[in-house]
Amino acid sequence: MLQPKRTKYRKQFRGRMRGAAVTGSNVNAGEVGLKAMEPCWITARQIESARIAVTRHLKRGGQVWVRVFPDKSVSKKPAETRMGGGKAGVDYWVAVVKPGRILFEVAGVPQNEAVEALRLASQKLPIATKTVFRDRLATAASNAVA
Amino acid sequence: MTTSAVQLELQPRELLGKKVGRLRRAGIIPVHLYGPGIESRALQCAAPRLIQALAAAASSPISVTVEGEAGGHLAFAREIQWDPRRDTVLHVDLLAADAARPVTAQVSVALTGEAPGAARSGGSVIQQLLSVEVSALPLDMPAQAEVDLAAMTAADSTLRAADIPLPAAVTLLTDPEEIVARIDVPPGAVGIDLPEGEPPADSGE
């Protein structure tokens, strides 16, 4: 599963997830992308599960990009442990995701297949998502006509 | 590929700063027009009209006129700000250009047709280069650069920047050897036999 090779500090503060994604809100490399619509911590397991769902649906065709990386460590005390004794050890890794962030991108397959693969990926994620396309202006223009 | 400029009429804008939120709620997008030799102008336009003009123009210039003023400007969409959540346009920067001086711009590359090499090998076409940098006079600037995939006959064939057909008045600035598209064949892929010279049938999208 995804996690940093080495970190400067093992444990981190929780932090806040205010506002929308400043960077990473465009489909850059692929043709279709999956965009987060809510803020959340997405765990490395969830990212891997969603990635597998996409690649399995595409039968290893096309190309898939994972646009988030779980670089935040989350600590967790063992069960039935009394409080105190300092911060617990690192249990898992998460990616901090804000609304608007592109999570996955797909290219090299027909558009309907890419959309279906990303729908299956969204089933593995704890947040609401939507499918977006690289040519934002064309999408916005078609919406403006409708 | 040379296009006549898309026409767009803009209105002078009185609301500035954070007050432009009111305009956006009313379906109007704030626009800024600036460039060499002209004073920076705060303008506005109805969202559907502006978006359609930007989509039609792509990387080619827009012929901009301001309501109640004589004369116009040739302008390029320098920056389009998007709302990351709603995917709506927040603000547009238009950069005025002199029609007699060459400009450089990023022109998006559009792949057309089917690659026989991909059908034969069971692979898919991967576009590696999404845009190329070109230099041309504003009115010669193409909206997009179209490349026909029919030349990709073999499974290992690639399209390079030099293979993009550009009008004579347009100069390619991107490295000509840069790969635009290649065929990606997954392990175990099964291709179909195509007679020589026959294009592949539609994949039924």
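Residues numbered from 1 in each chain as written. Chains lettered and ligands numbered in written order. Predicted model: local features only at pLDDT ≥ 70, side-chain atom pairs only at ≥ 80, totals over all residues. Heavy atoms only, no water.

Asks: How should I be thinking about the sheet that holds strand β1 (residues 32–36) of chain A in this particular structure?
Replies: Adjacent strands of a sheet form backbone hydrogen bonds with each other and so pair up, either parallel or antiparallel. Residue and element names in this part refer to chain A. The antiparallel open sheet is built from four strands, whose spatial order is β3-β6-β1-β7. The sheet is open, and its two borders are formed by β3 (63–66) and β7 (129–133), each paired with just one other strand. Direction aside, neighbouring strands of the sheet carry axes that sit 20° apart on average. As defined by bridge partners, β1 adjoins strand β6 (residues 102–107) across four bridges and the pair is classed as antiparallel. Opposite Gly 33, over in β6, you have Glu 105 as the bridge partner. Its contacts with the sheet put helix α2 (residues 111–122) on β1, β6 and β7, and the angle it makes with β1 is roughly 25°. (Pairing = 2+ DSSP bridges. Helix = DSSP H or I, 4+ residues; strand = E, 2+ residues; numbered from the N terminus. Axes fitted to C-alpha atoms, helices over the stretch in contact; angles between N-to-C directions. Contact = heavy atoms within 4.5 Å.)

Asks: Any chance you could explain the side chain of Gln 127 of chain B here in plain terms?
Replies: Relative to the helices and strands, Gln 127 of chain B is located in strand β8 (residues 124–127). At 2.8 Å, the side chain of Gln 127 of chain B forms a polar contact with the backbone oxygen of Val 109 of chain B. Separated by 3.1 Å, the side chain of Gln 127 of chain B and the backbone oxygen of Leu 129 of chain B make a polar contact. When neighbours within four sequence positions are excluded, Gln 127 of chain B is seen to be in contact with Arg 134 of chain A together with Val 109, Leu 111, Val 180 and Ala 181 of chain B. (Polar contact = N/O pair within 3.5 Å; in protein donor to acceptor, adjacent residues only side chain to side chain.)

Asks: Explain the interface of chain B and chain A here, please?
Replies: Interface size, as often reported, equals the accessible area lost upon joining of the parts. Taken together, the contact between chain B and chain A spans 22 residues of the former and 28 residues of the latter. Across the interface of chain B and chain A, roughly 1900 Å² is buried in total on both sides, 60% from carbon and sulfur atoms. Contact with chain A buries surface across chain B, with Trp 82, Pro 84 and Arg 85 of chain B losing the most and accounting together for 31% of the total. Measuring nitrogen to oxygen at the nearest pair gives 3.5 Å for the salt bridge that ties Asp 87 of chain B to Lys 130 of chain A. Linking chain B with chain A are six residue pairs in polar contact (both at pLDDT 80 or more), by the criterion used here. Elements that contribute at least two residues to the side of chain B that touches chain A include exactly α2 (47–57), β5 (72–82), β8 and β13 (179–184) of chain B. Here the element with the most residues in the side of chain B that touches chain A is α2 of chain B; it accounts for five residues. (Buried area = accessible area lost by both parts, 1.4 Å probe. Salt bridge = Lys/Arg side-chain N within 4 Å of Asp/Glu carboxyl O.)

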